[in-house]
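Descriptive structure summary
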Amino acid sequence: MARFLVQKSEPLNGEVKISGAKNAVLPLMAAALLSEGTCRIMEVPQLKDVEVMKDILISLGATIEEVEEDILDISFPDVIENEADYDLVSKMRASFLVMGPLLSRTGRAKVHMPGGCTIGARPIDLHLKGFRALGAEIIQKDNYVEAIAPEGGLVGESVYLDFPSVGATENIMMCAALAQGTTYIVNAAEEPEIVDLANFLNKMGARIKGAGTDTIKIEGVTSMKGAYHTVIPDRIEAGTFMLAGAITRGQILIHNIVPDHVKPITAKLRECGVIVEMGDEGMYVVADQKPLRATDIKTLPYPGFPTDIQSPFMAFLTTVEGSSTVIETVFENRFMHVAELNRMGANIKTSGNKAIIHGGRHLEGAQVIATDLRAGAALVLAGLVADGTTEISEIYHVERGYEKFINKFKALGASILRIDD
Ligand code: UD1
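Here the structure is a predicted model, which is why all the values come from computation and not from measurement.

What counts and how
Residues numbered from 1 in each chain as written. Predicted model: local features only at pLDDT ≥ 70, side-chain atom pairs only at ≥ 80, totals over all residues. Heavy atoms only, no water. Domains from an automatic or database assignment. Contact = heavy atoms within 4.5 Å. Buried area = accessible area lost by both parts, 1.4 Å probe. Salt bridge = Lys/Arg side-chain N within 4 Å of Asp/Glu carboxyl O. Polar contact = N/O pair within 3.5 Å; in protein donor to acceptor, adjacent residues only side chain to side chain. Nonpolar A, V, L, I, M, F, W, Y, C, P; charged D, E, K, R; others polar. Near = heavy atom within 4 Å. Areas by Shrake-Rupley, 256 points an atom, 1.4 Å probe, with all protein chains shown as cover. Helix = DSSP H or I, 4+ residues; strand = E, 2+ residues; numbered from the N terminus. Pairing = 2+ DSSP bridges. Axes fitted to C-alpha atoms, helices over the stretch in contact; angles between N-to-C directions. Parallel < 35°, antiparallel > 145°, perpendicular 65-115°, else oblique. Left-handed = near helix turned anticlockwise from the far one by under 90°. Buried < 20%, exposed > 50% of the residue type's maximum accessible area, 1.4 Å probe, protein only. Expected span 1.5 Å × (residues − 1).

Its domain assignment divides the protein into domain 1 (2-19 + 233-420) and domain 2 (22-230). Taken together, the contact between domain 1 and domain 2 spans 27 residues of the former and 22 residues of the latter. Summed over the three residues of domain 1 that lose the most area to domain 2, namely Tyr302, Arg400 and Glu403, the buried surface amounts to 29% of that side. The closest approach of N and O atoms between Lys17 and Glu43, which form a salt bridge, is 3.8 Å. There are six residue pairs in polar contact (both at pLDDT 80 or more) connecting domain 1 and domain 2. Considering only residue class, the side of domain 1 that touches domain 2 consists of eight nonpolar, seven polar and 12 charged.

This is the structure:
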């Protein structure tokens, strides 16, 4: 089983380039299902999740050409499969994103219930609410979901999301793109990845307005063509490296970062006393000034503090004197890293969705488990400042979502090794 061995490292120093966003590229790839021509996606990160999405699209009939390491051409024949392979879909929750475009293009879609990180129940009721509103009949049976469009085709409607779900907003937006009439998604997610998807769909011929606000208007079109698109930078990877600089009290220059996308992380790091400044070349994170201060965070849908940065930020807070409170409001089971950080000497107490961190602790290397993708990143950060060696297992979670993870950390001076026995 592959593991990371992380040694206490000097303050990280140097430059890092952020890759294309995992959470943007997966829906963009699914959106290619709607196109009658070839879609070219650029700045595609090399990730396990991207490989899974490629395999799913190929199983539906796609031809995918790797033009360059980070450029994919995706095209589909006129007639495509409408059942997504069960084994593939169960590997990754985001594979459920093929449901909306498949239903829209073929009138029928059958997809296994999705898998993914175990950070909560992660239901799909809001996705299905959207498909139903557009007229689809939904059959849920034996761990799969089937959606069937009415005889005359899907028809636009107003869909209110009880929670601004990222995946549901994307799935409904893709489904509505080829429906008749106008769809409104009300209380839509406003994440940058939603805007990126809407931009791509519009290049393909869709008519979408309001992405990035809480109401998205989609006027259905009858066909969509191929388009070129560059994936936005990964704001979660960027946040992880901002925290790598902060936790090691280092100095890092981050290239390919959109400052607006990381605003809440920047604000919280500044509250702690870390210098975060945008320069001509990128974002500078400087944390060698002492002492840093504790702060409180509460995760929220965008533009609130991202849930995906909660665990890396918590790792950082364990190193700052004073008490901090972290409240998780997006997922109900996203404190699994707490037990692992405590195993390393942190003092974190949880009660429901609230964690209290008594910071300024001396961390010791230990054997810990990457319980989910971002928890794995948090443990790497903690390992960089813990005495001795931190051995992290189940790192496949981390490799699902961070491109060239080890190499990027090593280039900044981190002592980290991947072993596979
Ligand atoms: C996406 C991101 C993930 C991030 C999350 C929240 C991708 C591939 N993944 O996941 O990294 O942590 O947004 O920013 O983009 N919910 C329902 N019913 C639904 C759908 C969701 O109740 O039908 C709930 C979920 O259980 C969760 C909350 O809504 O509590 C947020 O989930 P959602 O925004 O859908 O996250 P994902 O799209 O799965």
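The local shell around the ligand holds 18 residues, among which Asp125, Leu126, Ser165, Asp308 and Val330 are the closest. Between Gly167 and the ligand, the recorded distance is 2.8 Å, taken from a backbone N or O atom to an oxygen atom. Compared with its free state, where it exposes 740 Å², the ligand has 87% of that area covered by protein. Taken together, the elements giving at least two residues each to the shell around the ligand come down to helix H5 (125-133) and helix H6 (166-177). At three residues, H5 tops the list of elements feeding residues into the shell around the ligand. The class makeup of the residues in the shell around the ligand is eight nonpolar, five polar and five charged. In terms of domain composition, the shell around the ligand takes at least three residues from each of domain 1 (2-19 + 233-420) and domain 2 (22-230).

What the four strands build is an open sheet, ordered E17-E18-E20-E19; its pairing is mixed. The sheet terminates laterally at strand E17 (297-298) and strand E19 (348-351), the two strands that pair on one side only. One ladder, built from six bridges, connects strand E18 (residues 322-327) with strand E20 (residues 354-359); its direction is antiparallel. Bridge pairing in E20 places Ser324 opposite Ile357.

To describe two helices that pack against each other, one gives the angle between their axes and the distance between the axes. Where helix H8 (residues 235-247) meets helix H9 (residues 263-271), the axes come as close as 10 Å, and the angle between the chain directions of the two elements is 15 degrees. Accordingly, the angle class assigned to the pair H8 and H9 is roughly parallel. Considering only the axes of H8 and H9, their crossing is right-handed. Contact with H8, carried on its side by Arg235, Gly239, Met242, Leu243 and Ala246, involves Ile265, Thr266 and Leu269 of H9 and no other residues of that element. Per-class residue counts for the contact of H8 with H9 are five nonpolar, two polar and one charged.

On to the pairing of strand E15 (residues 275-278). In this structure, E15 lies alongside strand E16 (residues 283-286), joined through four bridges in antiparallel fashion. By the bridge assignment, Glu277 is partnered in E16 with Tyr284. The loop that links E15 with its antiparallel partner E16 comprises four residues; one of these, Gly282, has a positive phi angle of about 155 degrees.

Okay, the pattern of salt bridges next. Under the definition given, this model contains 24 salt bridges. A salt bridge links Arg108 to Glu146; its shortest N-O distance comes to 3.1 Å. Here Arg108, found in strand E6 (residues 108-112), pairs with Glu146, found in strand E8 (residues 144-148); they are 38 residues apart in sequence, far enough to count as distant. Lys129 is paired through a salt bridge with Asp162; the nearest N and O atoms lie 2.8 Å apart. On the criterion of sequence distance, the pair formed by Lys129 in helix H5 and Asp162 in the loop between strand E9 (158-160) and H6 is long-range, its members being 33 residues apart. In the salt-bridge network here, residues are joined through shared partners; they are Lys48, Glu399, Arg418 and Asp420.

Among all residues save glycine, negative phi is the norm, and among peptide bonds the norm is trans. The omega angle of the peptide bond from Tyr302 to Pro303 is 10 degrees, so this bond is cis rather than trans. Examined against the element boundaries, Pro303 turns out to sit in the loop between E17 and helix H10 (310-317). Backbone geometry at Asn187 places phi at a positive 60 degrees, although glycine is not the residue there. By the secondary structure assignment, Asn187 is in the loop between strand E10 (182-186) and helix H7 (192-203). A positive phi angle, near 45 degrees, is found at Lys404, a position not held by glycine. Examined against the element boundaries, Lys404 turns out to sit in the loop between helix H13 (396-401) and helix H14 (405-411). Residue classification places Lys404 among the partly exposed positions, given a relative accessible area of 40%.

Here we come to the sheet that holds E6. Pairing is antiparallel across the open sheet formed by three strands, whose spatial order is E6-E8-E7. Here the strands that pair on one side only, and so sit at the sheet edges, are E6 and strand E7 (137-141). Taking the axes of each pair of neighbouring strands and ignoring which way they run, one obtains an average angle of 15 degrees across the sheet. Strand contacts of helix H4 (residues 99-106): E6 and E8, with the helix running at about 155 degrees to E6, the strand carrying the most contacts.

On to H7. Taking 1.5 Å as the rise per residue, H7 with 12 residues should run 16 Å; its terminal C-alpha atoms sit 17 Å apart, in good agreement. Along H7, the residues classified as buried are Pro192, Glu193, Ile194, Asp196, Leu197, Ala198, Phe200 and Leu201. Gly205 sits one or two residues past H7 and shows a positive phi near 115 degrees.

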